[in-house]
Structures are given as structure tokens and as C-alpha cells.
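Structural overview for review
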2 protein chains.
Amino acid sequence: MLQFTDIETAAARLQGVAHRTPVLTSRTLDALLDAQVLCKAENLQRMGAFKFRGGYNAVRSLTDAERARGVVAFSSGNHAQAVALAAQLHGCKATIVMPNDAPALKLAATRGYGAEVVLYDRYKEDRAAIAARLVDEQGANLIPPFDDLRVMAGQGTAALELIQDAGPLDALIVCAGGGGFLSGCAVAAKHLLPGVRVYGAEPEAGNDMQQSLRQGRIVSIDVPRTICDGQQTQAVGKHPFEVIRALVTDVLTVPDRVVVEAMRFAFERMKVVLEPSGACALAALMHHRDQFRGQRVGITFSGANIGADRFAALVSGAEAVD
Amino acid sequence: MLQFTDIETAAARLQGVAHRTPVLTSRTLDALLDAQVLCKAENLQRMGAFKFRGGYNAVRSLTDAERARGVVAFSSGNHAQAVALAAQLHGCKATIVMPNDAPALKLAATRGYGAEVVLYDRYKEDRAAIAARLVDEQGANLIPPFDDLRVMAGQGTAALELIQDAGPLDALIVCAGGGGFLSGCAVAAKHLLPGVRVYGAEPEAGNDMQQSLRQGRIVSIDVPRTICDGQQTQAVGKHPFEVIRALVTDVLTVPDRVVVEAMRFAFERMKVVLEPSGACALAALMHHRDQFRGQRVGITFSGANIGADRFAALVSGAEAVD
């Protein structure tokens, strides 16, 4: 199981490489929720999301000989950019397997970090098999998006910094997809603050982690329909779940319309950009505010990779949301 | 004329009250413009704009007896909120004269800081006369938006901090309306870095300051049609102009469509919100990039008070822009 020392090691590796992102606060938010809210602004992290932490730590963990054979990842989201940037910073080759209908912006960003992009047809081909073939052929190292102790340790450094900078918390809410971020943050938070309650936040339509935690076993679901594209995982990873079942109090779910409200709040009152999944923890706190009144609550602003046009469509209602 | 010591005094007053806003950088921006760009993020300042600095310094400059009689301002924009918040922090009364068709959000924000709002009909009544009457009747202190040494000194602390935190600059670009921000920043910058070139940035449609600087006298224009609502002043103030004609190299103008491009860039690549006037310096740098290649350029992100719906309308093209 992931240990706090793994997170300390990751923190030392990330020092001076990852941004030590600020902890944002808002008097308006505190008044609205009757709580003291500390927001870890990973939306301002390099490549626009916390994923850089885990990707970098994983690439850094390889030996020089391993890195010389390159790294491989499959992702259409922030993990792709994280691994591409981490590889670039190490001067090693990255190959990212992405669907051929991935947004042009994301393809361009991944290539912009110097990665080779291998496209596949998401309706006919199996991306894991393609990645496995690359690993076999090139001897390259697969960097999984969440079910990996090195990745989890990197993500956990966000909670470590939050608590170092913001002090004691009664509760911590972390957005949850495959569980890499939540599990890393849970290990860091419970080590530093044994009494803290740690919550995951996920979209209502994709509540596999809530089901898994409540049933005590990993539950798989169909790909959920939600605007939170960073949380369309079908099941929590095995390594993250080992931590989550031990340390996490509960998983809070939110409807997509509250996620849009949270994105609007962050824009209008805190002057920062959040992508839908990046706003999920704030949305969860807003939606379940009665559980947190009078408390000091840490939340993650986990990512900001959304185009202005998509943001405009969501807040204007041009793109309908449940 | 405004002196550097006035700015140092203002800086001491603002210590621990105003946010020491971060200096944001973007590798993408630097690559795009072939320059090193240091962005003073006053969009993350209290009440969402640099205006807090000048408003607070002016209210702080009053004697206790003066403050006890309250303060008055006329503004439909960020200066209203700045004076309201500054008064609230001093426990004194603020009366803000605002047009009766001001956006509900701005009225609510000003009242939210505890100010009394006096509405007037902008087509039939003279706001300066209304404010003068309040000053007469109540013995209250008028806090002008820009033509005031206390206000100018407060605004100049932004450039002081930028240079303290970012180091030497070849050039500094400051958005300009009535000239309070530009003049304060020019005095700070030229004192600390005598060789720095200081530029104003204003919308093409409202280039009164460019005309004034080039003609060596204050030129007045009709209220300009521009999305940059913080820069719809008709003429630079007398006190600011005294500084500007002495210290400012030139005033750069930008079309509104480039302002929208700059807002989009800040959103998508730097993950922060800028209102149109807040993006004017970035837009000016983008539009006149050839003048700044290979240089270290400081710019102001001066405000972020724009609703998500208006932002959506501007970036989607639903609101047409010249």
C-alpha cells in the first residue's frame, strides 16, 4: 500500500519542477457556505492540472537505462500532456496513444510537448493492446494514469503542500476518477492530520467509486455520460482502492448542473478557470454544504484545460446539462 | 508632481491589506511573442482590480475626523467597489453615486461592501454635481477615480511590487483610462529602473491619451465606443498627465477584437479571468509585438470583473466586436 514516505520522496523530486500552487480563498465563498474553504489551485499547475505531479514522479522514478527506452501512455486527457511534458523535461521519448477523434487542441498540446502521438479508432481498436505492443516492441515503460504507486505518490504531494501551507483541516474533498489523486491525497492528509475526514467527489452519473466504497469491492460501470470528462473512468484502480477503502470517509456525488455553477463561481468570484472535473470538489462542497458548516475544509481545484468556447457553451446553456 | 516617496508611503499602508498579487508567466506566451513577459496579476487583487490600491490609500490618508464624515465617489465601475471596500475596512460610511442603469451585479457588489448607493439618471443628471452636493451637505470627502495624488500613489504600488518580485524590465505596459494607474506605475518604475520604457495601452476607439501625449496637451474626446468599459474616460486627468508627459514613452492602441483575443489567451493558456480593460495591456503587447522582441516586458493584468455570461458572449462572437 502507498506510504507517506513515497509522497515525501515524490515531493523532493518535484521541488523546483512543479509549481507550488497557491491556496486560494474567497470571503464570498466562506460566507455562502458558512465554512472556511482552502482551495489548492492545481488548475494553475504546469500543463494545467495536478496530473503533472504523478506523471513527473513516475518518469523520474525510472533508471536512466529505462528512460532511454522511452515512455508510453494511453490517455485522451490531462495524463497524456503530463507524461509528454515529464518526458520532455527528462529528454526522453514519449509515445501517447490517443483516439483519432480527440480534440485538436489536446492533440496539439501533447505534440507541443514533443510527444509522438499514435492514433487509434476508439470504436474498433483496444488502446491498452496498442500500448502493450509499443511496450513490447520498444522496451518502453508504460505510465498508467492512476493505478500505479509512483503516480499516486506524485498526486499526493498536492495535499501535502495544501496542509503545509493552509494548516489544520476538518475535512478534505478531492475530485475522483480512477482514484490516483484521491488515494495519494488521503495518505498525505491522514498522516499529517489523523483526525481529518477525506472525501472523494464524483459526478452523479458516474458514481462507481461511491458504490465501490459502500460495497467494499470494486464496482464497474458503463462509461458515464457527464461533462466531467476527467472522471469517465469505469472503475477505481486496485492500488488506489486499497487506500480509499482504508482512509476515505465517503464519496460525494454531484449533478453536472452544479458543476457548471461551480465553474461559474470560480470564474466570477475567484477569477480562475476550472474545467468540469476541476470544479467537481467545489461543486460537491456546494451541493453537500450542510455536512461542512462551521468547518475548515480543503478542496482541490484540479484542472483548467477547457477552451473558452466550450466554457461559453456550458455557462450560456447552449450546451444543455443535466 | 507625484513622488516615489508617496508610493513608498502607500505601499506601507497597503502592506497586509492589499494582496501582494503574483507575477504570472507563461512559456507559451513568451514563445508566441519572442519576449519574456511578466504579468502583474491585479485581476486577483481584492475586489477584482488594482483600483483597491488607490481607493484604500486615499481613504487611509484622511484624518480620523475627516473619515468620520464619510467618503463619496462617483463611478459605475471598479472604483465604486474599491472605495466601498476601503471605507468598510476603515469602518466609515461610503456613498457611491451610480447610474440607475448600472449592471445589477455591480450595484449588488458595491452594496455588498456596505456602501450606500445613490442612483441618478445618466441622461438627465450630472453625477459630479450630485457628488458635490453630498460633499457639501455631509462634509464628506470626495475620492476621485484618478485625478488625485493619493489615488495615483496607491496604484503605483503595483509596479513597485512587480519590479521587486520580477527584477529588471526593458519595458512596462500599463492599461490607461484616466491615467491614475499609468502615472503611478511610471513614477515607481522610472525611479527603480531609470532606463525602462513605460507605455500606456488604450482601446483604438478611445485614443485620447495617445493624442494628448503626442500633442503635449490634454485632448478630450466623446465617450468612446469600446468593450473596454474601464477606459471610456474622455480625457486624462491633470495630475496624471503631468507625470505621463514627463515619463511615458508612448501610448499603444488596440482594436477591441485583439482585446477579446487576449482575454481568450489568458483564459485558455494562463487559466485566469480578465475583463476587457484588464486585458488591454496584454492585447497591446500582442498587437505591437515587433517593438518588444527579445525584451523583458512587464504588463498589467488590471481587472477581472466580468460575468461569465458576458465573457461567453464576447468569445463566442454572440456580441460582435470591431
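From a predicted model like this one, the values you see are computed outputs, not experimental measurements. Residue indices begin from 1 for each chain and proceed along its sequence in written order. Just so you know, chain letters begin at A and ligand numbers begin at 1, following the order they were written in. Thresholds applied to this predicted model are a pLDDT of at least 70 for local features of residues and 80 or more for the giving and counting of side-chain atom pairs; totals over whole chains, interfaces and linings are not thresholded and use all residues. To obtain the side-chain values, all non-hydrogen atoms of the structure were included, while hydrogens and water were left out.

Some points on the relation of the copies chain B and chain A
The condition that has to hold: Only residues with pLDDT of at least 70 in both copies contribute their C-alpha atoms to the least-squares superposition of the copies. Contacts were defined at the residue level, with two residues in contact if any of their heavy atoms lie within 4.5 Å.
Aligned on chain A, chain B shows an RMSD of 0.0 Å; the corresponding rotation is 180° and the shift along the axis is 0.0 Å. Both copies are brought into coincidence by an operation consistent with a two-fold rotation axis. A shared binding surface is used by both copies, with 100% of the interface residues of chain B retained as interface residues in chain A.

Here's the deal with the interface of chain B and chain A
What counts, and what does not: Buried area is calculated as the accessible area (1.4 Å probe) missing from two parts once they are joined, with the contributions of both summed. Just to be clear on terms, a salt bridge is a Lys or Arg side-chain nitrogen sitting within 4 Å of an Asp or Glu carboxyl oxygen. Two N or O atoms form a polar contact when they lie within 3.5 Å of each other; inside protein one atom must be a possible hydrogen donor and the other a possible acceptor, and for residues adjacent in sequence the pair counts only when both atoms belong to side chains. Strands are runs of DSSP state E lasting at least 2 residues, helices are runs of H or I lasting at least 4, and numbering of each runs from the N terminus. Each residue is assigned to one class: nonpolar for Ala, Val, Leu, Ile, Met, Phe, Trp, Tyr, Cys and Pro, charged for Asp, Glu, Lys and Arg, and polar for all the others, Gly among them.
Listed by partner, the interface residues are 21 residues for chain B and 21 residues for chain A. The three residues of chain B that bury the most area against chain A are B:F267, B:K271 and B:A308, which together make up 34% of that side's buried surface. Linking chain B to chain A there are two salt bridges. Its salt-bridge partner being B:D309, residue A:R264 comes within 2.9 Å of it at the nearest N-O pair. At the boundary of chain B and chain A, one finds 10 residue pairs in polar contact (both at pLDDT 80 or more). Counting only elements with at least two residues in the side of chain B that touches chain A, the list comes to α12 (256-270) and α14 (308-316) of chain B. The element contributing the most residues to the side of chain B that touches chain A is α14(B), with five residues. Within the side of chain B that touches chain A, the residues separate by chemical class into 11 nonpolar, four polar and six charged.

Some remarks on the pattern of salt bridges
Residues and elements named next belong to chain A. What counts is decided by this rule: Each residue is placed in one exposure class: buried if its accessible area under a 1.4 Å probe, protein chains only, is under 20% of its type's maximum, exposed if it is over 50%, and partly exposed if it falls in between.
On inspection of all chains with the given rule, the structure shows 28 salt bridges over all chains. Of the charged contacts in the structure, one is a salt bridge between E116 and K93, with a shortest N-O distance of 3.5 Å. Of this pair, E116 sits in strand β5 (residues 116-120) while K93 sits in the loop between α5 (78-90) and β4 (94-99), and the two are 23 residues apart along the sequence. Given the relative accessible area of 42%, K93 is considered partly exposed.

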